[in-house]
Amino acid sequence: MTVHSSVGAITQVVLLSDAQWENLPSTTPMANHRIPSFMAADLVIQLSCTLKTKPDRGSFGFGTVFTDHMLTIEWSETEGWQAPLIKPFGDLSLHPACSSLHYGIQLFEGLKAYRGDGDRLRLFRPMLNMNRMAAAAKRACLPAFDQSELLECIRRLIEIDQDWVPRSDSASVYIRPTLISTEPTLGVKKPSRALLYVILSQVGSYFDNEAEAISLWADPKYTRAWKGGTGDCKMGGNYGSALFAQYEAVGYGCQQVLWLYGEDHQITEAGTMNIFLHWINEDGEEELATPPLDGLILPGITRQSILELTRKWDEIKVTERFLTMGQLCSALKQQQVKEMFGSGTACVICPIGHITYQGKSLKIPCQGENSTLTSRIAKELTDIQYGRTVSDWTFLV
């Protein structure tokens with residue numbers, strides 16, 4: 001595929017190898033011209049005249065250091081999508097009545113660029129992020145777009161800012177595509193204007209010490225999502241509304257919230273992570289279980305990858321099933337729990353050490369021989385992400 005981009009009066013031609021596009025999953029919807037969309041072939045590039053000094057590794061928090069450039073694409077109901085633009089990183093200018101600010105008509109995605117073997121840059125299953133973003137856009141009444149065209153625009157942005165991707169297997173560049181309504185009215189209505197933009201941030205570990213197991217606070221008085229809501233979409237409202245419970249969890253000596261749902265206290269998510277339980281189930285089977293995608297759970301890319309990996313091993317039972325705190329407490333009492341962990345793009349795999357629930361501190365096994373499954377999953381995923389294992393899950397930049 002040939003991509004044309006303009007730098008001032010200069011036209012650049014970028015050739016994408018067939019292998020790069022063949023790396024996409026077979027279900028990838030390639031350029032679907034039935035969807036009115038921006039095109040990567042129309043990409044305009046304005047390079048920054050002044051490049052930032054890159055910080056020393058470990059001298060910044062997660063998501064606080066941003067690269068030199070960003071991608072912006074404007075949309076209006078009357079004119080459709082405008083040409084994609086890569087320009088110097090900078091502030092956005094928004095109307096004070098912008099409905100994304102007042103009514104939360106917005107969504108975002110999160111994926112990473114890794115520098116791995118052969119000094120090559122790789123993305124991990126990026127079309128799954130593009131597809132999830134498109135689904136969330138439909139739910140938010142924001143404009144549709146061609147997912148493969150957005151991925152190619154992101155690829156060009158990363159290519160331009162590639163020096164920001166660390167030469168480290170514990171750091172990467174976090175990619176944040178965002179789609180917001182720019183409707184300049186206080187009326188609650190379907191937006192007639194929108195902005196899609198992508199920023200990049202150099203990141204290290206999400207938690208201060210990812211080698212240590214985290215603690216969770218479980219209390220059913222707060223709910224992250226509900227049936228018929230938007231818990232399965234990556235929307236800002238899901239996260240901002242969780243802050244109050246998060247800080248109450250800290251008051252109980254815990255780092256994150258274990259979100260429960262319903263009268264039977266169903267386990268749903270851990271903080272901003274999907275959750276897995278490795279245990280001996282009620283039927284005496286060794287099982288790796290995670291809550292099902294019933295509208296409450298974010299369909300995590302790491303979650304899906306863990307399910308596919310472990311099912312391919314065909315060594316233990318792997319299920320998507322409802323789990324309750326009653327089941328967990330009973331299994332802990334009978335010493336049938338092997339380990340619990342959270343999963344997500346930011347942390348990959350995060351072991352869980354204890355849960356505070358109904359005034360009790362539940363200790364979760366997570367050290368020694370019991371944690372071999374967690375370590376194995378984490379190693380297989382990171383080996384793929386950094387190119388140590390060849391896989392069609394990676395997309396070369």
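Just so we're clear, the structure is a prediction, and the values are computed from it rather than from any experiment.

Colleague: Looking at this model, I keep getting lost on the pattern of salt bridges. Mind explaining?
Modeller: Side-chain pairing between opposite charges can occur once the charged atoms of the two side chains come close. Enumeration over the complete set of coordinates arrives at 20 salt bridges. Its salt-bridge partner being Glu320, residue Arg303 comes within 2.7 Å of it at the nearest N-O pair. Here the residue Arg303 occupies a position in helix 7 (residues 301–313), and Glu320 occupies one in strand 18 (residues 317–320), the gap between them amounting to 17 residues. Residue Glu380 is joined to Arg376 by a salt bridge in which the shortest nitrogen-to-oxygen separation is 3.9 Å. Here Glu380 and its partner Arg376 are both found in helix 9 (residues 372–385), four residues apart, which amounts to about one turn of the helix.

Colleague: Sorry, what's going on with the packing of aromatic side chains here?
Modeller: Think of a pair of aromatic rings as described by two things: how far the centres are apart, and how the planes are tilted against each other in angle. Considering all chains together, one arrives at 11 aromatic pairs under this definition. Measuring from ring centre to ring centre gives 5.0 Å for Tyr114 and Tyr386, while their planes differ by 70°; the resulting arrangement is edge-to-face. Of this pair, Tyr114 sits in strand 9 (residues 111–115) while Tyr386 is found in the loop between helix 9 and strand 22 (394–396), placing the two residues 272 residues apart along the sequence. There is no split in this pair, since Tyr114 and Tyr386 are both buried.

Colleague: Just to check I follow, could you spell out the confidence of the model for the protein chain for this structure?
Modeller: Regions with low pLDDT should not have their predicted coordinates read in detail. Summing up the model confidence of the protein chain, the mean pLDDT is 90 and the portion of residues at 70 or higher is 88%. Taken as a whole, residues 1–32 scores under 50 in pLDDT and shows 71 contacts with residues more than four places along the chain or in a different chain.

Colleague: I'm lost on the packing of helix 7 against helix 9 in this one. Help?
Modeller: Axes are the key here: two packed helices are described by the angle between their axes and the distance separating the axes. Where helix 7 contacts helix 9, the axes come no closer than 11 Å and their chain directions differ by 110°. Our classification of the angle between helix 7 and helix 9 gives roughly perpendicular. Contact with helix 7, carried on its side by Thr302, Ser305, Ile306, Leu309, Thr310 and Trp313, involves Leu373, Arg376, Ile377, Glu380 and Leu381 of helix 9 and no other residues of that element. Split into classes, the residues belonging to the contact of helix 7 with helix 9 amount to six nonpolar, three polar and two charged.

Colleague: It is not clear to me how the environment of Ser192 should be interpreted in this structure. Could you clarify?
Modeller: Along the chain, the position of Ser192 falls in the loop between strand 11 (172–181) and strand 12 (193–203). Sequence separation of Ser192 and Ser76 is 116 residues, and the distance between their C-alpha atoms is 5.6 Å. Contacts of Ser192, omitting those with residues within four sequence positions, involve Trp75, Ser76, Glu77 and Glu183. A polar contact is formed between the side chain of Ser192 and the side chain of Glu183, at a distance of 2.5 Å.

Colleague: Even after reading the chapter, I still don't get the side chain of Ser100, so can you show me in this structure?
Modeller: Relative to the helices and strands, Ser100 is located in helix 2 (residues 99–103). Judged by its relative accessible area of 11%, Ser100 is buried.

Colleague: Help me understand the nonpolar core, please; the structure alone is not making it clear to me.
Modeller: Note on soluble globular proteins: their nonpolar side chains tend to be buried together. The biggest cluster of nonpolar side chains holds 43 residues, and the ones touching the most others in it are Leu150, Leu179 and Leu196. Among the secondary structure elements, those contributing two or more residues to this core are strand 5 (69–76), strand 9, strand 10 (121–124), helix 3 (126–139), helix 4 (147–160), strand 11 and strand 12. Element by element, the count of residues in this core is highest for helix 4, at six residues. Here Leu196 is in contact with Phe38, Leu71, Thr72, Ile73, Trp81, Met133, Phe145, Leu150, Thr178 and Leu179, once residues within four sequence places are set aside. Of all hydrophobic cores here, the second largest spans 26 residues; its members include Ala270, Leu277, Leu323 and Cys347.

Colleague: Looking at this structure, I do not really get helix 9. What am I missing?
Modeller: Structural remark: α-helix, 3.6 residues per turn; residues separated by three or four positions point the same way. Its 14 residues place the ends of helix 9 20 Å apart at the C-alpha level, agreeing with the 20 Å of an ideal helix rising 1.5 Å per residue. When helix 9 is considered as a whole, its buried residues turn out to be Leu373, Thr374, Ile377, Leu381, Asp383, Ile384 and Gln385.

Colleague: Is there a simple way to think about unusual backbone geometry in this case?
Modeller: Working note: non-glycine residues mostly have negative phi, and peptide bonds are mostly trans. Non-glycine residue Arg125 carries a positive phi angle of around 50°. When you line up the elements, Arg125 lands in the loop between strand 10 and helix 3. You will see that Gln335, though not glycine, has its phi angle at about 60°, which is positive. With respect to the secondary-structure elements, Gln335 resides in the loop between helix 8 (325–333) and strand 19 (337–344).

Colleague: Sorry, what's going on with helix 8 here?
Modeller: Every buried residue of helix 8 is accounted for by Met325, Leu328, Ala331 and Leu332. Taken around the axis of helix 8, the buried residues stretch over an arc of 130°, which confines them to a single face. Looking at the buried residues of helix 8, the elements they touch are strand 14 (256–261), strand 15 (266–270), strand 16 (273–280), strand 19, strand 20 (348–357) and strand 21 (360–363). After helix 8 finishes, the residue Gln335 shows a positive phi value of roughly 60°.

Colleague: Looking at this structure, how should I read the environment of Leu277?
Modeller: Mapped onto the elements of the fold, Leu277 is located in strand 16. Residue Leu277 is classed as buried on the basis of its relative accessible area of 3%. As for Leu277 and Thr290, which are separated by 13 residues in sequence, their C-alpha atoms are 6.4 Å apart.

Parameters and conventions
- In every chain, residue numbers begin from 1 and rise along the written sequence.
- In keeping with the model being predicted, local features are shown solely for residues with a pLDDT of at least 70 and side-chain atom pairs are shown and tallied solely at 80 or more, while totals for entire chains, interfaces and linings include all residues.
- Where side-chain values are given, they derive from all heavy atoms of the structure, hydrogens and water being excluded.
- Think of a salt bridge as a Lys or Arg side-chain nitrogen and an Asp or Glu carboxyl oxygen that are within 4 Å of each other.
- To qualify as a helix, a DSSP run of H or I must reach at least 4 residues; to qualify as a strand, a run of E must reach at least 2; elements of each kind are numbered from the N terminus.
- Side-chain rings of Phe, Tyr and Trp, where Trp is taken by its six-membered ring, are said to pair if the distance between their centres is within 6.5 Å; with planes under 30 degrees apart they count as stacked, over 60 as edge-to-face, and otherwise as tilted.
- Here the term buried applies to any residue with accessible area under 20% of the maximum for its type, exposed to any over 50%, and partly exposed to those in between, with areas from a 1.4 Å probe on protein chains only.
- Per residue, pLDDT measures the predictor's confidence, with a range of 0 to 100.
- A contact between two residues is defined here by any heavy atoms of the two lying within 4.5 Å.
- For helices, the fitted axis covers only the stretch in contact; all axes are lines through C-alpha atoms, and the angles between them, taken along N-to-C directions, range from 0 to 180 degrees.
- In what follows, roughly perpendicular refers to angles from 65 to 115 degrees, roughly parallel to angles under 35, roughly antiparallel to angles over 145, and oblique to any angle outside these ranges.
- Residue polarity is assigned by list, with Asp, Glu, Lys and Arg as charged and Ala, Val, Leu, Ile, Met, Phe, Trp, Tyr, Cys and Pro as nonpolar; anything else, Gly included, falls into the polar class.
- In protein, a polar contact means a hydrogen-donor-capable atom and an acceptor-capable atom, both N or O and within 3.5 Å, with residues adjacent in sequence counting only if both atoms are side-chain atoms; elsewhere, any N or O pair within 3.5 Å suffices.
- Put simply, buried Ala, Val, Leu, Ile, Met, Phe, Trp, Tyr and Cys residues joined by side-chain atoms within 4.5 Å make one nonpolar core.
- A helix is expected to span 1.5 Å multiplied by its residue count minus one.
- Relevant arc is that of directions from the helix axis to the C-beta atoms, nothing else.

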